[in-house]
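One-letter residues, chain by chain:
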Amino acid sequence: MLPQNVTDRWGWGVLPNAEQEALVVCEQVGVKPLIGSSATKEAILEAISGAECIHLATHVSWKLSALVLSPGGQEQNAKTNGNGQMLPERMDLNDSDDSDMESNADMPALSEFLLSAADILDLQLSAKLVVLSAYGSYGRSGKINAEGLIGLARAFLAAGAQCVLVPLWSVPELATKIFMRSLYEGLLRGLKVSSAMSEAMQKVQETKQFTHPSNWAGFMIIGSDIKISNKSTMFGNALADLVTTPGKCRESMRVLLHLIEKSLQRINRGHKNPMYTTKQSIIKKVGPVIGWQELLKSVGFRFEEPASGMPPSVFFPMSDAGDRLLQASTSLQALLG
């Protein structure tokens with residue numbers, strides 16, 4: 001979220017579709033997104049330092065070769081009523097033009113919320129894949145251009161990323177949403193990024209209103225043709241770890257099956273509110289076995305560290321990407337007989 005004076009000057013407005021995209025992608029891979037005012041430069045730099053896959057859905061200033069993030073806390077300067085709703089700002093026609101100068105003086109420095117190519121070059125990344133899902137601002141920040149695109153991609157590669165997926169032109173937001181969902185479904189099945197991208201392009205092309213190449217051909221990968229961690233392999237390895245404790249593994253599998261079945265039940269009933277349980281409550285039930293955390297992570301459960309008075313928690317998946325929950329349920333039921 002950006003201050004109004006920044007939005008007015010540069011045209012970097014609110015991006016509800018980008019936020020929705022972040023939520024969908026993070027649900028697929030089982031991580032917590034940084035969105036809105038939480039997506040500060042400091043928070044992003046910390047989050048991407050050890051990430052295997054980095055997905056950035058935001059405004060991009062192609063002229064400046066920079067990603068537009070949140071300055072953090074700036075939006076709280078706006079006046080609100082008792083219900084937290086923003087109040088309209090009053091303009092006094094008797095004010096002098098000096099008020100515009102004061103407004104500009106209150107504007108945060110660009111370095112506070114722009115992640116530039118120069119900033120990225122200073123990083124040490126271990127990411128296999130960086131996805132730039134750019135939402136263009138065709139005002140002062142400019143259209144996608146070769147210099148800005150190559151500048152950002154080269155910076156990520158030089159910082160240690162193995163592959164960068166970039167947009168070549170602006171694509172309708174619904175087409176982008178279809179593309180990204182399909183892309184990650186392919187990656188999570190163990191496909192290389194080139195094959196996953198090809199499948200995603202075909203998925204968009206098969207959608208009636210997006211058959212024209214301008215809607216699906218505007219993506220390119222730069223760098224190595226990587227794979228990200230295969231969730232199926234992760235599930236199999238976790239299951240193998242579980243059975244190394246024969247006396248306890250059956251009870252542990254019953255507990256894990258219960259959690260997975262509960263997730264499927266909520267998804268099938270269309271529940272939209274997040275649900276979690278404490279990590280400690282699961283530990284008490286599964287006992288001294290290894291592999292249970294990796295198994296839950298492989299099917300979309302999200303583990304959260306303690307924060308704001310909440311103990312270490314495990315959040316249930318909100319969707320079943322690639323039918324991983326269903327397949328896990330079938331596997332556990334077969335093992336339990």
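Residues numbered from 1 in each chain as written. Predicted model: local features only at pLDDT ≥ 70, side-chain atom pairs only at ≥ 80, totals over all residues. Heavy atoms only, no water.

Caption draft 1: Region of the structure containing the overall build of the chain. Scanning the chain for helices and strands turns up 14 helices and nine strands. A buried classification covers 42% of the 337 residues belonging to the chain. Taking the contacts inside the chain whose residues are at least 6 apart along the sequence as the reference set, 78% of them involve residues at least 24 apart. For the chain, the accessible surface area stands at approximately 17,800 Å², while carbon and sulfur atoms represent 51% of it. (Helix = DSSP H or I, 4+ residues; strand = E, 2+ residues; numbered from the N terminus. Buried < 20%, exposed > 50% of the residue type's maximum accessible area, 1.4 Å probe, protein only. Contact = heavy atoms within 4.5 Å. Areas by Shrake-Rupley, 256 points an atom, 1.4 Å probe, with all protein chains shown as cover.)

Caption draft 2: Molecular detail of the confidence of the model for the chain. Residues at a pLDDT of 70 or more form 82% of the chain, whose mean pLDDT is 82. The low-confidence segment residues 74-103 (pLDDT under 50) makes 14 contacts with residues lying over four places distant or belonging to another chain. Under a pLDDT of 50 for its full length, residues 137-141 has, in the predicted model, 15 contacts with residues more than four places off or in other chains. (pLDDT = per-residue confidence, 0-100.)

Caption draft 3: The arrangement of the pairing of strand S1 (residues 53-61) in detail. Counting buried positions along S1 gives seven out of nine residues, so the element sits mostly inside the fold. Between S1 and strand S2 (residues 66-68), which pair antiparallel in sequence order, lie four residues; one of them, Ser-65, sits at a positive phi of approximately 50°. (Pairing = 2+ DSSP bridges.)

Caption draft 4: Spatial organisation of the packing of helix H8 (residues 173-188) against helix H9 (residues 193-205). Where H8 contacts H9, the two axes come as close as 8 Å, and the packing angle between them is 140°. In this structure, H8 meets H9 at a crossing whose hand is right-handed. Along its contact with H8, which presents Ala-175, Ile-178, Phe-179, Ser-182, Leu-183, Gly-186 and Leu-187, the element H9 presents Val-193, Ala-196, Met-197, Glu-199, Ala-200, Met-201, Lys-203 and Val-204. Tallied by class, the residues present in the contact of H8 with H9 amount to 11 nonpolar, two polar and two charged. (Axes fitted to C-alpha atoms, helices over the stretch in contact; angles between N-to-C directions. Left-handed = near helix turned anticlockwise from the far one by under 90°. Nonpolar A, V, L, I, M, F, W, Y, C, P; charged D, E, K, R; others polar.)

Caption draft 5: Region of the structure containing the pattern of salt bridges. Per the stated rule, a full pass over the model turns up five salt bridges. For Glu-251, the salt bridge is made with Arg-254, and the minimal N-O distance between the two is 3.5 Å. In this pair, Glu-251 and Arg-254 both sit in helix H11 (residues 246-268), three residues apart, roughly one turn of the helix. On the accessibility criterion, Arg-254 (41% relative accessible area) is partly exposed. (Salt bridge = Lys/Arg side-chain N within 4 Å of Asp/Glu carboxyl O.)

Caption draft 6: Layout of the packing of aromatic side chains. Following the criterion strictly, the structure yields four aromatic pairs and no others. Arranged with centres 3.8 Å apart and planes meeting at 5°, the rings of Phe-179 and Phe-219 form a pair that is stacked. Placement of the pair is Phe-179 in helix H8 and Phe-219 in strand S6 (residues 219-223), with a sequence separation of 40 residues. Note on Phe-179: relative accessible area 0%, which makes it buried. Judged by centre distance (5.3 Å) and plane angle (55°), the rings of Phe-301 and Phe-316 are tilted. Of this pair, Phe-301 sits in the loop between helix H13 (292-298) and strand S8 (302-304) while Phe-316 sits in the loop between strand S9 (313-315) and helix H14 (324-336); the two residues are 15 residues apart in sequence, bridging distant segments of the chain. (Phe/Tyr/Trp six-rings, centres within 6.5 Å; stacked < 30°, edge-to-face > 60°.)

Caption draft 7: Here's a closer look at the state of the cysteines. Following the criterion strictly, the structure yields zero disulfides and no others. Note on Cys-53: no disulfide assigned, nearest cysteine sulfur contributed by Cys-26 at a separation of 9.2 Å. For Cys-53, a relative accessible area of 25% translates into the label partly exposed. (Disulfide = S-S within 2.5 Å.)

Caption draft 8: Quick look at H14. End to end, H14 covers 18 Å across 13 residues, agreeing with the expected 18 Å (1.5 Å per residue, within 8%). All buried positions along H14 are accounted for by Arg-324, Leu-325, Ala-328, Ser-329, Leu-332 and Leu-336. The buried residues of H14 occupy an angular sector of 135° when projected down its axis, which confines them to one face. Packed against the buried residues of H14 are helix H2 (16-29), H8, helix H10 (231-242), H11 and H13. Of the residues trailing H14, Gly-337 is marked for its positive phi of about 75°. (Expected span 1.5 Å × (residues − 1). Arc of directions from axis to C-beta.)

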